[in-house]
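Remarks on the overall topology
Now for the letters of each chain:
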Amino acid sequence: MTGVLEPLLPLFVGAPLLIGGLLFVAPRHHLLRHVLGMGTLVALASGALALVVVTADGTVLAHQVAIWPEGVSIPFVADAFSSLLLLVTAVLSAVCFQYLIASGEARSPSIASFVIVLAGGVGGALLTADLFNLFVFIEVMLLPSYGLLVILSRRGGMGGSRLYVTVNLLASTLFLAGVGLIYAVEGTVNLAELAGAADDPVTAIAAAVCLAAIAVKAAVFPVHGWLARTYAATSPAVAALFSGLHTKVAVYIFYRISAVIFEGEATWMLAILILASVTLIVGAFAAVGEREIRPLLVFQMISGIGFILVGVALFTPLGIAAGIAYMVHHMIVMGSLLLVASAIEQTYGSGRLDRVAGLRTREPLLTAAFVVGALSLAGLPPFSGFVAKYALVLASADAGQVLVAGVLVVISLVALMSMMKVWADMFNGKRHADVELLAAEARVRTRAGLLDDDPVDGDDVAAEAEWAIERHDPPRGVQPADEDPHDHRGTRIPVRLIVPALVLAGLSVALGLGGELLLSLAEQASVGLVDTSDYVRAVMGE
Amino acid sequence: MSLALSIGVLTAAGVYLVLQRGMIRIILGFVLLTHAVNLLIIAAGGVSRREAPFFGGDTSVAADALPQAFVLTAIVIAFAITVVMATFAVVGRGDDDTEPDHPEPDDSASSGPSAAAGGVESPTNSGDAS
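First, a word on scope: everything that follows refers to the structure included in this document. (Residues numbered from 1 in each chain as written. Chains lettered and ligands numbered in written order. Predicted model: local features only at pLDDT ≥ 70, side-chain atom pairs only at ≥ 80, totals over all residues.)

1. Looking at the overall build of chain B
Across its full length, chain B carries four helices and zero strands. In sequence order, chain B lays out its α and β elements as α-α-α-α. Across the 130 residues of chain B, 24% fall into the buried class. Here the contacts in chain B between residues at least 6 apart in sequence split such that 55% fall between residues at least 24 apart. (Helix = DSSP H or I, 4+ residues; strand = E, 2+ residues; numbered from the N terminus. Buried ≥ 20, exposed ≤ 12 C-beta atoms within 10 Å, placed from the backbone. Contact = placed C-beta atoms within 7 Å.)

Quick look at the structure:
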């Protein structure tokens with residue numbers, strides 16, 4: 001079984017790159033692009049599922065690309081950790097691509113290609129066991145991302161995209177310099193040959209340069225500011241896609257380098273623990289202060305990065321398992337919440353907490369997705385957040401870091417607070433006539449192809465709002481309002497925009513109820529990180 | 001020593017330019033920074049051995065081929081990204097913090113909607129080109 005699968009590992013990269021490239025030159029046929037794009041992503045997810053099943057017993061698959069001898073070739077490796085993340089990223093890409101199709105954004109000619117190439121780059125970054133090759137795959141991930149940012153940035157400004165490119169390029173350059181330094185010291189960039197190399201302080205510093213670059217990409221505390229600016233400037237669905245892929249791949253690399261090269265060396269892990277704790281505190285409090293839904297969620301995401309990194313910083317078997325479980329939970333829940341925000345922003349043209357109101361009575365499905373996401377993010381049972389957070393708090397206390405355990409609990413309450421803020425303003429508030437005008441204005445803009453800061457004709461907007469109120473009946477089970485005619489008629493968010501968020505919310509419930517499955521997968525993944533000898537043996541072909 | 005000094009000077013100049021506001025200067029800064037890193041990788045392979053590593057040459061004096069392969073790859077990637085960044089410098093409207101290369105006449109009031117429509121089109125086209 002494993003002998004058959006190993007030579008297929010490069011397909012996780014090669015197939016998406018090839019199909020993505022072919023779609024660029026394919027005739028301008030929406031359906032073909034949508035079907036091929038979705039087909040590729042679903043195939044990637046099924047392949048990753050097969051890998052998860054095969055590696056669940058601790059097997060490590062390794063393939064020396066082009067059958068060069070071990071140590072010379074570029075190895076592709078799949079262990080339980082990379083397979084699990086490969087599966088989650090593929091599922092997230094598919095769901096976000098479904099949203100892009102539903103919202104019509106995927107009709108731009110190159111969107112499908114970009115998403116597929118991005119998924120291919122993610123596959124490469126997760127599977128490669130060579131630091132320089134890792135740099136190449138990070139760039140393969142970034143190039144289509146730049147394209148997505150530019151094409152789908154609805155506000156017309158390039159400011160966010162320029163910032164994104166500049167920060168990421170700077171981080172990549174730093175990473176490359178770190179790889180060069182490691183080569184200078186050790187004479188190799190093969191991860192397996194570098195196992196435990198950080199015993200030598202010079203190598204440790206060279207590897208720390210790589211870790212610093214990765215920390216920029218993962219948005220760890222002192223270098224997290226760029227994330228909120230750039231993710232808020234792009235299309236909301238793209239922000240959901242990036243949140244699941246880019247920062248989490250960076251976190252994966254962080255885990256891998258910490259485990260293989262540093263082998264959990266105490267001094268470095270203490271530094272990471274402090275940075276992670278500050279990140280989760282700063283992110284959570286920054287979120288409370290935000291007035292728009294998307295920056296609020298992005299700061300919650302930064303806080304989540306802190307939670308995940310606490311796992312690796314503890315470097316106990318339980319800590320790493322809890323961190324990985326939290327990573328899986330966080331990717332899914334954050335994707336769900338950002339897609340909820342996407343649906344709101346797409347329909348109402350604004351994500352400002354003080355402008356959109358009263359979604360609770362009108363949008364039962366969207367409200368359900370949001371409530372599941374919000375409670376899961378805060379860590380309440382029976383959702384996946386409870387399982388992951390409980391394990392993480394337990395691991396911190398178990399490792400003697402009682403202070404960190406306390407911080408985790410308190411910060412979860414702060415996260416709940418910012419979610420309550422969204423609930424109180426956007427969902428629970430009373431719907432008023434301005435909300436309808438806002439939605440009408442968004443539709444007028446979309447129809448005329450105007451950007452967010454272009455002036456629109458007030459009469460057009462008023463006519464559009466009238467039309468929507470005439471046209472749409474109140475939702476079933478709700479009596480037309482007595483006092484306010486705008487209460488329950490008018491714009492509704494289309495169901496097709498809500499379904500992707502609901503799917504991810506459903507996954508969060510499933511992982512919460514089946515917490516045993518989530519934890520056992522994470523535990524299996526952590527075994528390969530705590531003891532890297534299997535990984536090394538597979539890569540070196542011994 | 002000269003290699004180390006070159007890397008230092010290139011890095012310093014690159015960092016200085018990246019911290020400027022104009023996109024063109026940032027791009028030039030990155031060009032210098034990537035040159036610095038490429039030299040660093042070449043230096044990592046050692047520069048004292050310079051003979052060709054093939055055609056039965058003496059391996060004790062042959063140059064390390066791996067850093068050169070790294071640098072070749074890195075140059076190609078840096079070139080591609082420079083092109084993407086150059087695209088970013090010219091698309092979009094003048095609402096960023098970057099300085100215009102030449103002062104433009106103020107016609108934004110008269111051509112609002114049409115200029116906006118153009119603004120939607122041009123990123124799409126440039127994205128395809130990249």
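Alright, that's what it looks like, and here's the rest.
2. Considering the pairing of strand S2 (residues 75-78) of chain A
All names here are of chain A. Both faces of S2 are covered, namely the face carrying Pro 75 and Val 77 and the face carrying Phe 76 and Ala 78. Across four bridges, the pairing between strand S1 (residues 61-64) and S2 is antiparallel. Paired with Leu 61 across the strands is Ala 78, a residue of S2. (Pairing = 2+ DSSP bridges.)

3. Let's talk about the packing of helix H2 (residues 23-44) of chain B against helix H3 (residues 65-90) of chain B
All names here are of chain B. The geometry of H2 relative to H3 is characterised by a closest axis approach of 10 Å and an angle of 175 degrees between their N-to-C directions. As the angle between them shows, H2 and H3 are arranged roughly antiparallel. Across the interface between the two elements, Met 23, Ile 24, Ile 27, Phe 30, Val 31, Thr 34, Val 37, Asn 38, Ile 41, Ile 42 and Ala 44 from H2 touch Pro 67, Phe 70, Val 71, Ala 74, Ile 75, Ala 78, Thr 82, Met 85, Ala 86, Phe 88 and Ala 89 from H3. Here the residues of the contact of H2 with H3 are counted per class, giving 19 nonpolar, three polar and no charged. (Axes fitted to C-alpha atoms, helices over the stretch in contact; angles between N-to-C directions. Parallel < 35°, antiparallel > 145°, perpendicular 65-115°, else oblique. Nonpolar A, V, L, I, M, F, W, Y, C, P; charged D, E, K, R; others polar.)

4. Observations regarding helix H16 (residues 384-398) of chain A
Residue and element names in this part refer to chain A. For H16, with 15 residues, the first-to-last C-alpha span of 21 Å sits near the 21 Å given by 1.5 Å per residue. Listed in full, the buried residues belonging to H16 are Ser 384, Gly 385, Val 387, Ala 388, Lys 389, Ala 391, Leu 392, Val 393, Ala 395 and Ser 396. In this fold, the buried residues of H16 make contact with helix H12 (293-314), helix H13 (317-348), helix H15 (364-378), helix H17 (402-427), helix H20 (495-513) and helix H21 (515-530). A positive backbone phi angle near 85 degrees is found at Gly 400, which sits one or two residues after H16. (Expected span 1.5 Å × (residues − 1).)

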